[in-house]
Amino acid sequence: MEADLSYILNHLGEEREKYYRAVSPPIFQTSNFCFPTVEEFRAHLQDETQGHIYSRGKNPTSDILCAKLAALDGQEEAIVFGSGIASIVTPIIALLQSGDHIVSVRNVYSWTTKLFTQLLPRYGVTCTFVDGRDTAEFEKAIRPETKLIYLESPNTFTFELQDIEAVGKLARSRGITTLIDNSWAGPLLQQPAKYGIDLVAQSASKYLGGHSDIVGGVLTGPHRLMKKIFTEEYLNLGPAMSPYNAWLLLRGLRTLPLRMEHSSKSVMKVAEFLAQHPKVERVIHPHHPSHPQHDLAKRLISAPGGLFAFVLKEAGIEQIENFCNSLKRFLMAVSWGGHESLIIPVCATIKKEEFNPSEEKHRYIRMYVGLEETEVLIEDLSAALERL
Ligand SMILES: *Cc1c(COP(=O)(O)O)cnc(C)c1O
């Protein structure tokens, strides 16, 4: 049968005849698997990709999930991790060694920045950050020892995009591996493999899980890279996802298209409401016509993601805090991609005395639009803006 979206989410990877034809697959809550003969045991130990030995590697609940996640990304294979950041760190440790160099887009996820600036340099791997809006910047930064080009498009703070198709082409012509953090768009809105990107990582804690109840990560890619990552570093570092979380993630995936569709539609109404409001300076969303890379966003990303930022007009730290404190329908919290709408002002991430009102980024307020009725969210925002 054709691997359309409904087939992937409802049938692919599910071998119901093996578990009493249960519609929802069991949670294989087991650490190890046993063998009837030494010969079979030995055969499995030779190649852990071929069967189940121990749940630090493969587990049948996770296998169902991995089949779906690989298909969603249009990739050969998927591996799941206990966190999104593990799905980024593990392939980098697997593919690079001391002396190697990374060219990364700037303003990546905070823990990825720490990885590139603090952890990897201790092991002799260095990184150059570039303004990814211009593909030529990647080209200029490439050195003979460059082994990886790292992308995040858009990033989840300043929402800058890269032309991942052009960067993918450049990387292939130089024999450099590409890895993208695709968390903002997820597999339904942007399929980087289609544009020539090798490895796609994302935080499953966001849209894929979708219910703010698990932390997890996914990596997809071609067999030639994934086999090494799995059989060497994944098994050695031990970042596996638990069978229970794999099951919750499967449960979340069933409704991914519906959740994305709602969030996509709702976010543009909320963003437009804010853009039109006299107390709002500007909104920063790739799919808003005011975004400088709007055309690129429309070309590469099929629909708007639910996460964006905006800036209040002439607002000092007190006004930003009062505005956020008075919202009743947005929870103030990190993360995003769940059922609940969220807000996080950048001024909460720095010390109060470091706040500089002339630094526009300090005044950014990041917002995620979840599954509530759009009107309820807009009313709440409207009331909070009135009180300013
Ligand atoms: C949340 C997030 C991560 C990290 O994922 P965890 O599941 O929290 O480890 C990485 N990149 C982006 C863009 C994120 O939003």
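Our subject is the structure listed above.
Before going into details, it helps to say that this report is about the structure given with it. Everything numeric here is computed off the predicted structure, so don't read it as measured data.

## Section: the site of the ligand
Consideration 1: The full set close to the ligand counts 14 residues, and Gly84, Asp181, Ser203, Ser205 and Lys206 are the nearest of them.
Consideration 2: The separation between an oxygen atom of the ligand and a polar main-chain atom of Ile85 is 2.9 Å.
Consideration 3: At 2.6 Å, a side-chain N or O of Ser205 approaches an oxygen atom of the ligand.
Consideration 4: Expressed as a share of its isolated accessible area of 380 Å², the protein-covered part of the ligand is 90%.
Consideration 5: Residues of the shell around the ligand, tallied by class, amount to four nonpolar, seven polar and three charged.

## So, the pattern of salt bridges
Consideration 1: The final tally for this structure, using the stated rule, is 24 salt bridges.
Consideration 2: Salt-bridge contacts for Glu165 lead to Arg299; the nearest nitrogen and oxygen are separated by 3.0 Å. Pair noted here: Glu165 is in helix α7 (residues 164-174) and Arg299 is in helix α12 (residues 294-300), with a separation of 134 residues, a long-range link.
Consideration 3: Residue classification places Glu165 among the partly exposed residues on the basis of a relative accessible area of 32%.
Consideration 4: Assessed through its relative accessible area of 45%, Arg299 is described here as partly exposed.
Consideration 5: Arg282 is paired through a salt bridge with Glu360; the nearest N and O atoms lie 2.9 Å apart. Linking Arg282 in strand β8 (residues 280-284) with Glu360 in the loop between β11 (342-345) and β12 (364-368), this pair joins segments that are 78 residues apart in sequence.
Consideration 6: For Glu360, a relative accessible area of 25% translates into the label partly exposed.

## Regarding the side chain of Arg16
Consideration 1: Considering the arrangement of structural elements, one finds Arg16 in the loop between α1 (5-10) and α2 (38-46).
Consideration 2: In contact with Arg16, other than residues within four places in its own chain, are Asn10, His11, Arg21, Ala22 and Val23.

## Topic: the sheet that holds β11
Consideration 1: The strand order β8-β9-β12-β11-β10 describes an open sheet built from five strands, whose pairing is mixed. Of all strands in the sheet, those with a lone pairing partner are β8 and β10 (331-332), marking the two edges.
Consideration 2: Relative to strand β9 (residues 307-312), β8 runs antiparallel, the two sharing four bridges. Note on β9: the bridge partner recorded for Ile284 is Ala309.

## Describing the side chain of His362
Consideration 1: One can find His362 in the loop between β11 and β12.
Consideration 2: Polar side-chain contacts of His362 include one of 3.0 Å to the backbone nitrogen of Asn356.
Consideration 3: Sequence-distant contacts of His362, that is, excluding residues within four places in its chain, are made with Val346, Cys347, Ile350, Glu354, Phe355 and Asn356.

## Points about the nonpolar core
Side chains of a nonpolar character, in soluble globular proteins, are inclined to be buried together.
Consideration 1: Counting 87 residues, the largest nonpolar core has Leu65, Leu69, Ile92, Ile102, Phe138 and Ile149 as the members making the most contacts within it.
Consideration 2: Ignoring sequence-local partners within four residues, the contact set of Ile92 consists of Ile102, Leu115, Phe116, Leu120, Leu148, Tyr150 and Leu179.
Consideration 3: Ranked by size, the runner-up nonpolar core spans 27 residues in total, among them Val270, Leu274, Val283 and Leu385.

## As for the packing of aromatic side chains
Consideration 1: Scanning the entire structure with this criterion turns up 12 aromatic pairs.
Consideration 2: Between the aromatic rings of Phe230 and Tyr234, the centroid separation amounts to 5.4 Å while the plane-to-plane angle is 25°, which identifies the pairing as stacked. With Phe230 and Tyr234 both in helix α9 (residues 223-237) and four residues apart, the pair spans about one turn of that helix.
Consideration 3: The side chain of Lys114 reaches across the aromatic face of Trp111, ending 4.2 Å from its centre.

## A few points about the environment of Asp163
Consideration 1: Mapped onto the elements, Asp163 comes out in the loop between β4 (146-152) and α7.
Consideration 2: For Asp163, a relative accessible area of 17% translates into the label buried.
Consideration 3: C-alpha separation for the pair Asp163 and Thr135, spaced 28 residues apart in sequence, amounts to 6.9 Å.
Consideration 4: With sequence-adjacent residues up to four places away left out, Asp163 is seen in contact with Thr135, Leu296, Arg299 and Leu300.

## Describing the packing of helix α11 (residues 256-276) against helix α14 (residues 374-386)
Consideration 1: Interhelical geometry of α11 versus α14 gives an angle of 25° and a closest axis separation of 10 Å. The angle between the axes of α11 and α14 places the two elements in the roughly parallel class. For α11 against α14, the interelement crossing comes out right-handed. Between α11 and α14, the residues in contact are Ser266, Lys269, Val270, Phe273 and Leu274 and Thr374, Ile378, Leu381, Ser382 and Leu385, respectively.

Thresholds applied
- Residues numbered from 1 in each chain as written.
- Predicted model: local features only at pLDDT ≥ 70, side-chain atom pairs only at ≥ 80, totals over all residues.
- Heavy atoms only, no water.
- Near = heavy atom within 4 Å.
- Polar contact = N/O pair within 3.5 Å; in protein donor to acceptor, adjacent residues only side chain to side chain.
- Areas by Shrake-Rupley, 256 points an atom, 1.4 Å probe, with all protein chains shown as cover.
- Nonpolar A, V, L, I, M, F, W, Y, C, P; charged D, E, K, R; others polar.
- Salt bridge = Lys/Arg side-chain N within 4 Å of Asp/Glu carboxyl O.
- Helix = DSSP H or I, 4+ residues; strand = E, 2+ residues; numbered from the N terminus.
- Buried < 20%, exposed > 50% of the residue type's maximum accessible area, 1.4 Å probe, protein only.
- Contact = heavy atoms within 4.5 Å.
- Pairing = 2+ DSSP bridges.
- Core = buried A, V, L, I, M, F, W, Y, C linked by side-chain atoms within 4.5 Å.
- Phe/Tyr/Trp six-rings, centres within 6.5 Å; stacked < 30°, edge-to-face > 60°.
- Lys NZ or Arg CZ within 6 Å of the ring centre and 35° of its normal.
- Axes fitted to C-alpha atoms, helices over the stretch in contact; angles between N-to-C directions.
- Parallel < 35°, antiparallel > 145°, perpendicular 65-115°, else oblique.
- Left-handed = near helix turned anticlockwise from the far one by under 90°.

Read these as spatial facts, not as claims about activity.
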